[in-house]
Amino acid sequence: MKISFKLNGKPVTVDVEPNEVLLDVLRFKLGVKSVKRGCERAECGACTVLLDGKPVYSCTILAPQVNGREVITVDYLASTGELEPLIKAFVEKGAIQCGFCTPGFLLTAYALLKKNPNPTEEEVRKAIEGNLCRCTGYKKIVEAILEAAKAFSRK
Amino acid sequence: MFYKIPHFNYYRVETLDEALELIDKLDDFKVIAGGTDLVMDLRIGRYKPRNIVDISNIRELDYIVDEGDKIRIGALTKLQEILESPIVKTKAPVLAEAIYQMASWQIRNIATIGGNLCNASPAADTAPPLMVLEAQLKLASKTGTRTVPITEFFLGPRKTVLKKNELLTEIIIPYEKDVGTSMIKLGRRNSFTLSVVAVAALVKVEDNKFKDVRVALNSVAPTPVRAKSVEKSLIGKEVTLENIEEAAKLVVNDISPISDVRASAEYRKEMSIILTRDSLIKSLERIGLRIEG
């Protein structure tokens, strides 16, 4: 079946099987490799995308359910410059090691700061509870998001 | 990679009538809303339906309405919307408290309250708060609607009173004034975790005596349950730590926990007693009654 949706600002139409999930359509049919396939069971957050502006796991969304909606991945936000404060803070604070979880963290953090530009540490920790990092732990990631928040709240 | 989802026919409906018409004539189907439970169940082969009916686009079932003496929540309302709703915060705070402790932001953004209830997991976290609030569930079919109390909705693990041609459409929550409520959840981790046991409590006090007490638990029986023994023992009694602790011990009469990957039955029994006590104390604190203990 054909589905159409907005991906990173542009309309796309793609042929899918109903039993395909959004994650696989993005990676294997639309070439969006920043969306990572981690656990495939809605636990790790590596496959996080923004669906109509809200972070969701693309591994448990059937492709046909995305028809008519809007999907944003980290590539797009990096290209528009909107992620700049977060990227800078992640690098400066050392919130990245292997990088596999990073796109998911950036999207969740971006969605949080759009909604709440002045989060407390507790609010940051609550927002990222669905993203796992197996390298750094969370301390530096939390610090990076709080640092980036300073730039977001100035906007 | 790890799990392949089997093939199925996909049906998308846009209105409730269309959905009810379709499921009335369709066989061998599962209904998908947010899909956060169902897609995993398809992956692990728990269900292998020939057909999937996608109701996630039925806009008319996505709402939170304040009607003074009750609030009504559409079955397709997302958990995160309920968590952030000022209406729920004011009129059913224990439901928001439960949802705050559920899953993760990504899941709450897409999972629906109706899905949590209809999936009928013994660990469903929206069940204990709705049970102490004595919510009513509206079920619709092509031929009409009926309302059942949530306490009669669950029949067993993944089994409810929903007939094949019925959908849960609405959750009706009576607004209770002057009550203290709380929900305490114990999991293997502090966040993004399934409950080992969770307890919701509601108390109403007059002249330092319990006028009303309601306690509900999940993950300690084939369905979420009310702790009638605890409730009966406390109603009419004075508000003292001793009475609360004595009553909390009776919770073991209301539950039948099993041992599984999350905890042993013995541990669940012990924790049910402790969390019942703690949840009652916390509920009392919320109406300004501090119990020393």
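Refer to the structure above for everything that follows.
Residues numbered from 1 in each chain as written. Chains lettered and ligands numbered in written order. Predicted model: local features only at pLDDT ≥ 70, side-chain atom pairs only at ≥ 80, totals over all residues.

Student: Sorry if this is basic, but what is going on with the packing of helix α10 (residues 241-249) of chain B against helix α11 (residues 265-285) of chain B here?
Tutor: How two helices pack is summed up by the angle between their axes together with the distance between the axes. Residues and elements named next belong to chain B. The N-to-C vectors of α10 and α11 enclose an angle of 140°; their axes lie 8 Å apart at closest approach. On the basis of the axis angle, α10 is oblique to α11. The handedness of the crossing between α10 and α11 comes out as right-handed. Judged by residue contacts, I244, E245, A248 and K249 of α10 engage I273, T276, R277, L280 and I281 from α11. Its residues assigned to classes, the contact of α10 with α11 shows 5 nonpolar, 1 polar and 3 charged. (Axes fitted to C-alpha atoms, helices over the stretch in contact; angles between N-to-C directions. Helix = DSSP H or I, 4+ residues; strand = E, 2+ residues; numbered from the N terminus. Parallel < 35°, antiparallel > 145°, perpendicular 65-115°, else oblique. Left-handed = near helix turned anticlockwise from the far one by under 90°. Contact = placed C-beta atoms within 7 Å. Nonpolar A, V, L, I, M, F, W, Y, C, P; charged D, E, K, R; others polar.)

Student: For this particular structure, what's the right way to read the sheet that holds strand β1 (residues 9-12) of chain B?
Tutor: In a beta sheet, neighbouring strands are held together by backbone hydrogen bonds and run either parallel or antiparallel to one another. Residue and element names in this part refer to chain B. Taken together, the 3 strands give an open sheet; going across it, the order is β1-β3-β2, and neighbouring strands pair in parallel fashion. Edge positions in the sheet fall to β1 and β2 (29-32), since each has one partner strand and no second. In this sheet, adjacent strand axes meet at a mean angle of 25° when their direction is disregarded. The sheet contact formed by β1 and strand β3 (residues 51-54) spans 4 bridges and is parallel. Residue pairing across strands places Y10 opposite I52, the latter belonging to β3. (Pairing = 2+ DSSP bridges.)

Student: Looking at this model, I keep getting lost on the interface of chain B and chain A. Mind explaining?
Tutor: Where the parts come together, the accessible area they lose is often given as the size of the interface. Every contact between the two is made by 25 residues of chain B and, on the other side, 22 residues of chain A. Mapped onto the side of chain B that touches chain A, the elements with two or more residues apiece are β1, α2 (38-43), β3 and α6 (105-108) of chain B. For the side of chain B that touches chain A, the leading source of residues is α6(B), giving 3 residues. Grouping the constituent residues of the side of chain B that touches chain A by class yields 15 nonpolar, 8 polar and 2 charged.

Student: What am I meant to see in the environment of B:I23 here?
Tutor: All names here are of chain B. Checked against the element boundaries, I23 lands in helix α1 (residues 16-25). Look at I23 and you get buried, because 23 C-beta atoms sit within 10 Å. Sequence spacing of I23 and L167 is 144 residues, and the spatial spacing of their C-alpha atoms is 9.0 Å. Leaving out residues up to four positions away in the same chain, I23 has contacts with F29, V53 and N165. (Buried ≥ 20, exposed ≤ 12 C-beta atoms within 10 Å, placed from the backbone.)

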